[in-house]
Amino acid sequence: MTGTMIEQRKKIHPHKFTLWVGIGSILMMFAGLTSAYIVKRSQASWLMLEIPIIFWYSTAAILASSVTVHLALRAMKQRELMTYRRWLVVTAVLGVLFLVLQIAGFMQFEAKDIRLIGAGSNASYSFLLAISGLHGLHVLGGVIALVVITIRAISSSVRNYNTVPLEIVATYWHFVDLLWIYLFIFFNWMK
Amino acid sequence: MSSETITHGHAAAASVHSHDSHEAHGHDHHHEESFLTKYVFSTDHKMIGKQFLITGIIWAIIGGLFSVLFRLQLGYPEMTFPFLEDLFGKWAAGGRITNEFYYALVTMHGTILVFFVLTAGLSGTFANILIPLQIGARDMASGFLNMLSYWFFFLASVVMFASLFIQTGPASGGWTIYPPLSALGQASEGSKLGMDFWLISMALFIVSSLLGGLNYISTILNLRTKGMSMTRLPLTMWAIFFTAVLGVLSFPVLLSGAVLLLFDRNLGTSFYLSEIVVKGEILPNEGGSAILFQHLFWFLGHPEVYIILLPAMGMVSEILSVNSRKPIFGYLAMVGSLFAIAILAFLVWAHHMFVTGLNPFLGAFFVLLTLLIAVPSAIKVFNWLTTIWRGNIRFTPGMLFAIGFVSLFISGGLTGIFLGNSTLDIHLHDTYFVIAHFHIVMGVASFFGMFAGVYHWFPKMYGRYLNNTMAYIHFWVTLVGAYLIFWPMHYSGLAGMPRRYTDWSNWQSFNQFQGMNSFISTVAMIVFAVQLLFVFNFFYSIFKGRKVKDQNPWGANTLEWTTPINPGHGNWPGDIPEVHRWAYDYGKDGREFIPQTEPVGAHESKH
């Protein structure tokens, strides 16, 4: 048992490794943005952020999607293809729900007469939009990957038990989830 | 010891992963290749490397030509050149380059040379060609991502090239695109559509270098052949590895900076803009900080210098050792100093911003960290010199360019010590002293590393040699020319002559340098012509060069010379060779060289 564990550890798939390096790279991008935010926050004319309640719902949605993608992966490893497909679809739907809720959240600012862009906008809210928007694009990338995998799983006539593509997508999905949790805490803490 | 076992595991995974069929059938039998899959949408690392190289050469001609054009203006301000008006119309009305166009040329010269030639053209080329060949892999970890990396670069090139032809001209705010100038379309012609093209092109470019960098790191760490431990890697691999790490960690930060700039330009936000009046119009933006952009930009911008330089350093180390027939001096010190440079690269960015109003107390730390770079740099120079010291030197063109690299790196590095001091920088910033410094140490030196690499590995790339006579003319004219162009600039720079001016003829303090400026421009034209000779040599030799007859023409130890003269997709027709020793057993136990594939003998001395 331990022997096979070590065997598996040695053979980290090169594509998985590439993903981890890529995650490091994406992290640097958000590290750059959040440090720019911190620098900007200490300067004059900074507005305190008011974060609408709807962002809590979107946070819940993306957290739930991390659970479902994990269930999908487990189902695949146990070769329960029907369950696996179902959880994949649920994950993708939750991902889309997250994006819709985010956009709805930004719509609410307009109702409160807070400008995110254009004349009269303040850098604090523009930052919120730019950073969350870039995060949203990364989620969208994950959704597309999920859709591709789901279509492959449904349309392929050959049964494929290769877990690597799903493992890669699942890792990425957990990453964008954690990234959002980090950003959400960051925005609430560093208003 | 544990790292050894891990290496073997990776190697096994690697050979299973890539091109199983080749091992059984040999390389001539793999799937049918059409013209399109072989030369255009290729996933073969060697073809992708050549694509990067040739695209880089085309960009180098364009970028170099731009410098010749603005040198015409600087060298002969009183003359008119009617052919310029024929070529550029309103941009060179009356045969003189307009101020707007001068800025556009300078900006494009910088952008093209820094990013498209010395980043994509240099590390894109040699990382792709050399990594699988030198670590013993059939291809990159992901051939598909690798192909995407080239095609994103190609798209970036198309967008940047298109920006040269739009009505308001290309971006003209300098390659550093500082806001507010770059953020406001009304501020200058080049800040209109040209700037958007610039940003889009750079975003594509960043995607390209990230995809490439991910692949390089993953390949070097995971796909090494059996026996190729990290400490047996040739120094080219270490250098490319650190280059890729720098790129993967710093380019995303530039992307963040560029995204915020796009917001400011197109969505009316105020990240970088505050209390600005343009042409009598008061802008609504407030609360932004232009310095913020400089922090984000230079956090990439400084590592970018080493992204350009490190691959050249790695190739020079390899070429010096091979052609001196001596082991590299201080292998681990070389790796260590590469590592130190990579770390320091992230800690010195604010030395580009000493005069922006940076807190002098903070500046003191950046001075210290900047000057610390002298330590690993000196280690490298010392080791290069001791490597060729009393060596049995063969002056091949590649070797000459490698020696030229060391010379230029010393000359340009020394002036870095001046500029790294914040007090001296008050006088020297934005003068020709800075121009001279970075052109020698980063521009010309890296070009020399690149030329060294092209001359040395051309036989591997095309199975033919470059013409030696043309190569020697190329080397001597370029070396002498580079010093004649940039050495005098130190003097005018120390006298305070500022950069970014099209004409000093009415400026009493500096029109004394007119004669020198004309001289520099003349030399620049000659040097440019000789680069065209190299380009001719390159393309001529691909088809008509002397054929390589020997599998290992330089008598080198590394794995790329164990492949057939024209390796197919998959590199080795049979099994991938196993490695038994480091790459630098030259002149050992009375033998001229011992390839890495040869097992260690029972009575062999230790290196």
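Keep in mind that this is a model prediction, so the values were computed, not measured.

Draft legend 1. Structural view of the overall build of chain A. Within chain A, the regular secondary structure consists of six helices and zero strands. Beginning at the N terminus, the succession of helices and strands in chain A can be written as α-α-α-α-α-α. C-alpha atoms of chain A, sized along the principal axes, occupy 60 × 35 × 25 Å. Expressed as a percentage of its 191 residues, the buried residues of chain A come to 31%. Counted over contacts in chain A with a minimum sequence separation of 6, partners at least 24 positions apart contribute 79%.

Draft legend 2. How the structure looks around the overall build of chain B. A tally of regular secondary structure across chain B gives 18 helices and four strands. Scaling as 2.2 N^0.38, a compact globule of 607 residues should have a C-alpha radius of gyration of about 25 Å, and chain B matches this with 25 Å. Principal-axis analysis of the C-alpha atoms places the extent of chain B at approximately 80 × 55 × 50 Å. Looking at chain B as a whole, 53% of its 607 residues are labelled buried. In chain B, the proportion of contacts linking residues at least 24 apart, taken out of those at least 6 apart, comes to 80%.

Draft legend 3. Quick peek at helix H10 (residues 290-324) of chain B. Residues and elements named next belong to chain B. Counted at 1.5 Å a residue, the expected span for H10 with its 35 residues is 51 Å, and the 50 Å between its end C-alpha atoms agrees. A bend of about 30 degrees at Trp298 is the largest found in H10. Most of H10 is tucked away, with 32 of its 35 residues classed as buried. Arg325 sits one or two residues past H10 and shows a positive phi near 55 degrees.

Draft legend 4. The nonpolar core, seen in detail. All names here are of chain B. Counting residues in each nonpolar core, the largest one holds 213 residues, and the members touching the most others are Ile217, Val316, Phe405, Ala445 and Ala452. Here this core gets 22 residues from one element, more than from any other, and that element is helix H6 (residues 99-135). Ignoring sequence-local partners within four residues, the contact set of Phe405 consists of Ala312, Val316, Ala445, Phe448, Gly449 and Ala452.

Draft legend 5. Broad picture of the packing of helix H7 (residues 143-163) of chain B against helix H8 (residues 193-222) of chain B. Residues and elements named next belong to chain B. Between H7 and H8, the least distance of the axes is 8 Å, while the angle of their chain directions is 165 degrees. The orientation of H7 relative to H8 falls into the category roughly antiparallel. Read as a crossing pair, H7 and H8 show a hand that is left-handed. Grouping the amino acids of the contact of H7 with H8 by side-chain chemistry returns 17 nonpolar, eight polar and no charged.

Draft legend 6. Representation of the interface of chain A and chain B in the model. Contact residues are listed per partner, giving 31 residues for chain A and 36 residues for chain B. At the level of secondary structure, the elements contributing two or more residues to the side of chain A that touches chain B comprise helix H2 (14-41) and helix H5 (123-155) of chain A. Looking at the side of chain A that touches chain B element by element, the count peaks at 16 residues for H2(A). Tallied by class, residues from the side of chain A that touches chain B come to 15 nonpolar, 13 polar and three charged.

Draft legend 7. Representation of unusual backbone geometry in the model. Residues and elements named next belong to chain B. A cis amide bond links Pro179 to the next residue, Pro180, at an omega of 5 degrees. Residue Arg390 is not a glycine yet carries a positive backbone phi of 55 degrees. You can see Arg390 is positioned in the loop between helix H13 (374-388) and helix H14 (397-419).

Draft legend 8. Just the packing of H5(A) against helix H6 (residues 164-189) of chain A, in detail. Residues and elements named next belong to chain A. Where H5 meets H6, the axes come as close as 10 Å, and the angle between the chain directions of the two elements is 160 degrees. One finds that H5 runs roughly antiparallel with respect to H6. Seen along the crossing, H5 lies across H6 with a hand that is left-handed. Counted together, Leu128, Ile131, Ser132, His135, His138, Val139, Gly142, Ala145, Leu146 and Ile149 of H5 and Pro165, Leu166, Val169, Tyr172, Trp173, Val176, Leu179, Trp180, Leu183 and Phe187 of H6 form the full contact between these two elements. Partitioning the contact of H5 with H6 into residue classes produces 16 nonpolar, four polar and no charged.

Draft legend 9. Representation of the confidence of the model for chain B in the model. Residue and element names in this part refer to chain B. On average, chain B scores 90 in pLDDT, and the residues at 70 or more come to 94%. For residues 1-29, every residue scores under 50 in pLDDT, and the model assigns this stretch 37 contacts once sequence neighbours within four places are set aside. Two numbers describe this predicted complex: its pTM, 0.90, and its ipTM, 0.88.

Draft legend 10. Molecular detail of helix H17 (residues 468-494) of chain B. Here H17(B) spans 39 Å end to end across 27 residues, near enough to the 39 Å set by a 1.5 Å rise per residue. Phi turns positive one or two residues past the end of H17(B), at B:Gly496, with a value near 100 degrees.

Draft legend 11. Geometry of the environment of B:Ala104. All names here are of chain B. Here Ala104 lies in helix H6. Take Ala104: there are 28 C-beta atoms within 10 Å of it, and that puts it in the buried class. In this structure, the C-alpha to C-alpha distance between Ala104 and Ile328, residues 224 residues apart in sequence, is 44 Å. Setting aside residues up to four positions removed in sequence, Ala104 forms contacts with Gly169, Pro170, Ser172 and Gly190.

Draft legend 12. Seen up close, the confidence of the model for chain A. All names here are of chain A. Per-residue pLDDT for chain A averages 86, and the proportion of residues at 70 or more is 92%. Per-element confidence in chain A is highest for H6, whose mean pLDDT is 94, and lowest for helix H1 (residues 2-10), whose mean pLDDT is 42. In this model, residues 1-9 is a region of pLDDT below 50 whose contacts with residues beyond four sequence positions or in other chains number zero contacts.

Draft legend 13. Broad picture of the environment of B:Leu184. Residue and element names in this part refer to chain B. Checked against the element boundaries, Leu184 lands in the loop between H7 and H8. On the basis of neighbour count, Leu184 is assigned to the buried category, with 21 C-beta atoms found within 10 Å. Not counting chain neighbours up to four residues away, the residues in contact with Leu184 comprise Ser191 and Val278.

Basis of the calculations
Residues numbered from 1 in each chain as written. Chains lettered and ligands numbered in written order. Predicted model: local features only at pLDDT ≥ 70, side-chain atom pairs only at ≥ 80, totals over all residues. Helix = DSSP H or I, 4+ residues; strand = E, 2+ residues; numbered from the N terminus. Buried ≥ 20, exposed ≤ 12 C-beta atoms within 10 Å, placed from the backbone. Contact = placed C-beta atoms within 7 Å. Rg over C-alpha atoms; globule rule 2.2 N^0.38 Å. Expected span 1.5 Å × (residues − 1). Bend = angle between axes of the 7 residues up to and from the residue. Core = buried A, V, L, I, M, F, W, Y, C linked by C-beta atoms within 7 Å. Axes fitted to C-alpha atoms, helices over the stretch in contact; angles between N-to-C directions. Parallel < 35°, antiparallel > 145°, perpendicular 65-115°, else oblique. Left-handed = near helix turned anticlockwise from the far one by under 90°. Nonpolar A, V, L, I, M, F, W, Y, C, P; charged D, E, K, R; others polar. pLDDT = per-residue confidence, 0-100.

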